[in-house]
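Inside the fold
Below are the chains, spelled out letter by letter.
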Amino acid sequence: MISEAKDMKKTQTGKVRAHQTQNEALLFEKSSPGKRGYKLAPLDVPAVDVAALLGEAHRKVAGELPELSEIEIIRHFTRLSTWNYAIDLGMYPLGSCTMKYNPRVNEWVARIEGLADAHPYRPDALAQGILEIIDNLQRCLLEITGMDTITLQPAAGAHGEFAGILLVRAWHESQGNARKKILIPDSAHGTNPATAAICGYTVENLKSNSEGGIDLEALTRQVDDETAALMITNPSTIGVFESQIARIAEILHAKGALLYMDGANMNALVGKARPGDFGVDVMHLNLHKTFSTPHGGGGPGSGPVACKAFLEPFLPTPVLVRCDNKSMVSQVPKSGPGAPILDGESNNNSRQPQLTWSYDRPKSVGRVRAFYGNVGMFIRALAYILANGPDGLRQTTEDAVLNANYIRAKLEDVYELPYKTASMHEVVFSDKRQAARGVKTGDIAKRLIDYGFHPYTVSFPMIVAGALMIEPTESESLEELDLFIEAMRSIAREVEETPELVKTAPHSTRVSRLDEVQAARKPILRWAPAVGSKDR
Ligand SMILES: Cc1ncc(COP(=O)(O)O)c(C=O)c1O
């Protein structure tokens, strides 16, 4: 059966290409003593006695580093790079992660010398350019979210949630009672309950209704005087916009509770709807999702927290202010000097009062990160926002939603769609039909690799058993979407005709099924020569 499967793969794997090489030894294994990738010029300065200079710190035995020529190293890493999948190679439909293309203009701007070399210890007076960038990004994000004030400090989405819930706690404490619990719908991102728990709150689950939204009657029953907030991911992890959100805010506010919105999925709302206008008190954004800053390979991310004015005194220290009157940057006028330049109009910086960091914040929750946040990401996000402008950002949102719905329409006859509510930026199917043939969502995802695509998100969100979570983003052309749809339909056919082919995928990679449990629990991260080896 498997050999039949291997034959089939040759005819059916459309887009995939073989790797440059199937086996690559480690550099340590390739090393041979005395090989060099460089030759230094003779010493033209007085020699120093390194041992005397370094004292205790002087190393007696040189570290064991691999010895190779330059070309061997270049080829090694270039070959390894061909094993990676990247957004620059093809579609990356990893739902909930928003793996959109990172425009090159972002990188170009971030590499401008004065920005790339700016040091966080530079005095504010000499850092006005970069502070203007931070200020401008803050204004743009406030305009996009409809909120009053913001901190860019948090270094990731979950970190933003942490900072946001600290604000909630600090505000309740200022009212005399921190309260005990946070309500979280079952369609929330997994980081939401983790955040609530780490901030010392009890998590109370809210069951979604059949449309994937919040059951208002259940909510009304569950909100009480000990409810600090509701944390809602909107649009949710099943790609559904909570249409009752304004009413939800009213129910919470009537009991003195706050509405926290996980705004990591704002890529479905930018230019269309503003959380500040539908009752949200505090929210975070994921710049590394919505605003195209890179996050493959572990970041760095950025999770700004925007909130209503009553939470401003609690924002993490420091906050950016105009130093003539120490007014909050968010309170600077909508036009004239200091206004956001989202429309591409130029500002006359020379007329603006200087920007500075204010540390005089007696009610602040304190710092949540060293310095000011991941400034390189701020530059990229602002470049993206300004390069798109308001009309481009709106178009981006429309395209992201259109692409998800195109995939939904083209696949819903072959994959089960558990929630029929209109999809926003992502669509979640289940493997119900394929599971009847013994094929699970993870198998389909592995088979997708043979078709030249990165897998979608597997088995998440948890409220959909055997979830296939697909988020194409706005980056994909109709041709690429059609290739993906063709691959998914072809896999559905294979499940019917040759399920073993799917269950044993991938067939085109250097290694096939890995022991994922072993890899997660006992990772081997360090090379060591075999016991008894002469290299030891
Ligand atoms: C909806 C949602 N909330 C929160 C997060 C957490 O963000 P981060 O991974 O940057 O901590 C994510 C990450 O993808 C997300 O999709």
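Residues numbered from 1 in each chain as written. Predicted model: local features only at pLDDT ≥ 70, side-chain atom pairs only at ≥ 80, totals over all residues. Heavy atoms only, no water.

1. Describing the sheet that holds strand 2 (residues 181–185)
Counted only if it meets this: At least two bridges found by DSSP between two strands is the condition for calling them paired. The way it works is that DSSP assigns letters per residue, a run of H or I at least four long becomes a helix, a run of E at least two long becomes a strand, and they are numbered from the N terminus. Interaxial angles span 0 to 180 degrees and are taken between N-to-C directions of axes, which are lines fitted to C-alpha atoms, for helices over the stretch in contact. Residues count as neighbours in contact if any of their non-hydrogen atoms are within 4.5 Å of one another.
Reading across the sheet, the seven strands line up as 1-7-6-5-4-2-3 and stay open at both edges, with mixed pairing between neighbours. The sheet terminates laterally at strand 1 (149–151) and strand 3 (202–206), the two strands that pair on one side only. Between one strand and the next, the sheet's axes are offset by a mean angle of 25°, whatever the strand orientation. Bridging between strand 6 (residues 282–285) and strand 7 (residues 305–307) involves three bridges; their strand directions are antiparallel. By the bridge assignment, Val282 is partnered in strand 7 with Cys307. Together, strand 1, strand 6 and strand 7 form the strand contacts of helix 7 (residues 128–145), whose direction differs from that of strand 1 by roughly 125°. Its contacts with the sheet put helix 11 (residues 245–254) on strand 4 (227–233) and strand 5 (258–263), and the angle it makes with strand 5 is roughly 140°.

2. Comments concerning the packing of aromatic side chains
So the rule is basically this: Stacked, edge-to-face and tilted are the three classes for Phe, Tyr and Trp ring pairs, Trp counted by its six-membered ring, which pair at centre distances within 6.5 Å; planes under 30 degrees apart are stacked, over 60 edge-to-face, the rest tilted. Buried residues are those whose accessible area, probed at 1.4 Å on protein chains only, stays under 20% of the maximum for their type, while exposed residues exceed 50% and partly exposed ones sit between those limits.
Counting across every chain of the model gives 10 aromatic pairs. Measuring from centroid to centroid gives 4.3 Å for Phe28 and Trp527, while their planes differ by 5°, and the two rings are stacked. Taken together, the residues span a long stretch of sequence, with Phe28 in helix 2 (residues 27–30) and Trp527 in the segment after helix 18 (516–521) at a distance of 499 residues. We classify Phe28 as partly exposed; its relative accessible area is 30%. Overall, Trp527 belongs to the partly exposed group, its relative accessible area being 25%. Relative to Phe484, the ring of Phe453 has its centre 5.5 Å away and its plane inclined at 85°; by these criteria the two rings are edge-to-face. On the criterion of sequence distance, the pair formed by Phe453 in the loop between helix 15 (441–450) and strand 12 (457–458) and Phe484 in helix 16 (residues 478–497) is long-range, its members being 31 residues apart.

3. A word on the confidence of the model for the protein
Put simply, the rule reads: Summary of the metric used: pLDDT quantifies the predictor's per-residue confidence within the range 0 to 100.
For the protein, the mean per-residue pLDDT works out to 90, and 89% of the residues sit at or above 70. Contacts of residues 343–349 to residues separated by more than four positions or lying in other chains number six contacts, the stretch itself having pLDDT below 50.

4. Quick look at the site of the ligand
Selection rule: Here a residue counts as near a molecule or strand whenever at least one of its heavy atoms sits within 4 Å of it. Throughout this description, a polar contact denotes any pair of N or O atoms lying within 3.5 Å of each other; where both atoms belong to protein, one of them has to be capable of donating a hydrogen while the other can accept it, and for residues adjacent in sequence the pair is counted only when both atoms sit in side chains. Think of it as three bins: nonpolar holds Ala, Val, Leu, Ile, Met, Phe, Trp, Tyr, Cys and Pro, charged holds Asp, Glu, Lys and Arg, and polar takes everything else, Gly as well.
Residues in close proximity to the ligand total 14 residues, the closest being Gly157, Ala158, Asp262, His288 and Lys289. Between an oxygen atom of the ligand and a main-chain N or O atom of Ser96, the distance comes to 2.8 Å. Within the side chain of Asp262, a nitrogen or oxygen atom sits 2.6 Å from a nitrogen atom of the ligand. Within the residue set of the shell around the ligand, elements represented by two or more residues are helix 8 (157–174) and helix 12 (287–290). Ranked by residue count, the leading element in the shell around the ligand is helix 8, at three residues. Considered class by class, the residues forming the shell around the ligand number three nonpolar, eight polar and three charged.

5. What to know about the nonpolar core
One broad trend across soluble globular proteins is that nonpolar side chains are buried collectively. Going by this rule: Nonpolar cores are built from buried Ala, Val, Leu, Ile, Met, Phe, Trp, Tyr and Cys residues. Side-chain atoms within 4.5 Å join them into one set.
Counting 57 residues, the largest nonpolar core has Leu137, Leu141, Leu219, Leu230, Leu259 and Phe291 as the members making the most contacts within it. Residues in contact with Leu141, not counting those within four places in the same chain, are Ile150, Leu152, Leu285, Leu287, Phe291, Pro304 and Ile385.

6. Brief notes about unusual backbone geometry
The phi torsion of most residues other than glycine is negative, and most of the peptide bonds are trans. Pro318 follows Thr317 through a cis peptide bond whose omega is -5°. Cis peptide bonds are those with omega within 30 degrees of zero, and the linkage from Ala505 to Pro506 qualifies with 5°. Tracing the sequence through the fold places Pro506 in the loop between helix 17 (499–503) and helix 18. One non-glycine residue, Thr98, adopts positive backbone phi at about 50°. Within the fold, Thr98 resides in the loop between helix 4 (70–81) and helix 5 (104–110). At Ser459, a residue that is not glycine, the phi angle is positive and equals roughly 60°.

7. Remarks on the environment of Ser210
In this structure, Ser210 sits in the loop between strand 3 and helix 10 (216–222). Considered as a pair, Ser210 and Pro418 are 208 residues apart in the sequence and their alpha carbons are 9.2 Å apart.

8. Topic: the pairing of strand 11 (residues 427–430)
In strand 11, alternate side chains face the same way, and those of Val427 and Phe429 on one face and Val428 and Ser430 on the other are all buried. Alignment of strand 11 against strand 13 (residues 467–470), held across four bridges, turns out to be antiparallel. Note on strand 13: the bridge partner recorded for Ser430 is Ala467.

9. Some points on the pairing of strand 2
Our working definition: Seen with its strands pointing away from the viewer, a crossover is right-handed when the path leading from the first strand over the helix to the second is clockwise.
A large share of strand 2 lies buried, amounting to five of its five residues. With burial as the criterion, each face of strand 2 is covered, one bearing Lys181, Leu183 and Pro185 and the other bearing Ile182 and Ile184. Across five bridges, strand 2 lies against strand 3 in parallel orientation. Counted as the bridge partner of Ile182 is Val203 from strand 3. Between strand 2 and its parallel partner strand 3, the chain crosses via helix 9 (residues 191–198), and the hand of that crossover is right-handed. With three bridges connecting them, strand 2 and strand 4 associate as parallel partners. The residue of strand 4 that forms the bridge with Ile182 is Ala229.

10. A closer look at the sheet that holds strand 12
The strand order across the open sheet formed by three strands is 11-13-12, and the pairing between neighbours is antiparallel. One side of each edge strand has no neighbouring strand; the edge strands of this open sheet are strand 11 and strand 12. Strand contacts of helix 13 (residues 375–411): strand 11 and strand 13, with the helix running at about 25° to strand 11, the strand carrying the most contacts.

11. A few points about the pattern of salt bridges
Should their charged atoms come close, side chains of opposite charge can pair. Put simply, the rule is: Salt bridges are identified by distance alone: a Lys or Arg side-chain nitrogen within 4 Å of an Asp or Glu carboxyl oxygen.
Taken as a whole, this structure holds 25 salt bridges when the rule is applied. Between Arg361 and Glu312 there is a salt bridge whose closest N-O contact spans 2.8 Å. Taken together, the residues Arg361 in the loop between strand 10 (355–358) and helix 13 and Glu312 in the loop between strand 7 and strand 8 (319–322) connect sequence positions 49 residues apart. The pair formed by Arg361 and Glu312 is uniform in burial state, with each residue classed as buried.

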